[in-house]
Amino acid sequence: MLDGGLEPPSYAQPGDAGADLRSRIDFTLAPGERRLIPTGVSLALPFGYAAFVHPRSGLAAKHGISIVNAPGTVDAGYRGEISVTLINTDTTQPVTLRRGDRIAQLVIQRVETAEFVPVDELPDSVRGAGGFGSTGGFTAVPA
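The protein chain is annotated in an unreviewed UniProt entry as Deoxyuridine 5'-triphosphate nucleotidohydrolase of Arthrobacter yangruifuii. In the Catalytic activity (unreviewed entry) part of its UniProt record, the protein chain is described as follows: "dUTP + H2O = dUMP + diphosphate + H(+)".

Turning our attention to the environment of Leu 43. In this structure, Leu 43 sits in the loop between β3 (34-38) and β4 (49-54). Leu 43 sits 35 residues away from Tyr 78 along the chain, and the two C-alpha atoms are 7.6 Å apart. Not counting the four nearest positions on each side in its chain, Leu 43 is found in contact with Ala 51, Tyr 78, Arg 79, Ile 82 and Leu 106.

The next thing to look at is the sheet that holds strand β5 (residues 65-67). With antiparallel pairing, the three strands of this open sheet are ordered in space as β3-β7-β5. Strands with a single pairing partner mark the edges of an open sheet, and in this sheet they are β3 and β5. For this sheet, the mean angle separating the axes of adjacent strands, direction not counted, is 40°. Pairing of β5 with strand β7 (residues 83-88) involves three bridges; the strand directions are antiparallel.

A few words now on the nonpolar core. Within soluble globular proteins, side chains that are nonpolar tend to cluster in buried spots. Residues Leu 21, Val 53, Val 84, Leu 86 and Ile 103 are the most contacted members of the largest nonpolar core, which totals 21 residues. Of all the secondary-structure elements, those providing two or more residues to this core are β2 (27-29), β4, β5, β7, β8 (95-97) and β9 (102-110). The element best represented in this core is β9, accounting for three residues. Apart from residues lying up to four places away in sequence, Leu 86 is in contact with Phe 27, Leu 29, Glu 33, Arg 34, Arg 35, Ile 37, Ile 65, Ser 66, Ile 67, Val 68 and Ile 103.

Parameters and conventions
Residues numbered from 1 in each chain as written. Predicted model: local features only at pLDDT ≥ 70, side-chain atom pairs only at ≥ 80, totals over all residues. Heavy atoms only, no water. UniProt positions renumbered as here; feature names shortened; annotations may be inferred. Helix = DSSP H or I, 4+ residues; strand = E, 2+ residues; numbered from the N terminus. Contact = heavy atoms within 4.5 Å. Pairing = 2+ DSSP bridges. Axes fitted to C-alpha atoms, helices over the stretch in contact; angles between N-to-C directions. Core = buried A, V, L, I, M, F, W, Y, C linked by side-chain atoms within 4.5 Å. Buried < 20%, exposed > 50% of the residue type's maximum accessible area, 1.4 Å probe, protein only.

Take a look at the structure:
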């Protein structure tokens, strides 16, 4: 912890995947505003692991607060303070949060690394190059 006056990341309930990260500062986000918020937390993750910073569902549902680059990635080699780029998606209401408020969740996962090999052609697959909605999954409702 870089800020001993804050609670360290913690899990709210048994079995939770995300540990809560707290704001190190008081701040207000105007409608549409984004801001980098420090958490007072730094980590030393072992190689083969990464931490992913996810939005808190309650802040999103009640106040429109999300994370611009969700999930944010904390690599094993990073030793600096974890900060969270929050955005207020509400079009009319500012949101004020205080030091110690829970602003994001930290999920730690095992990750693999890959070897990238240039090739002239990829093998065929059922999906092929289809993307961005090519598999369906919704029915448009006429306006």
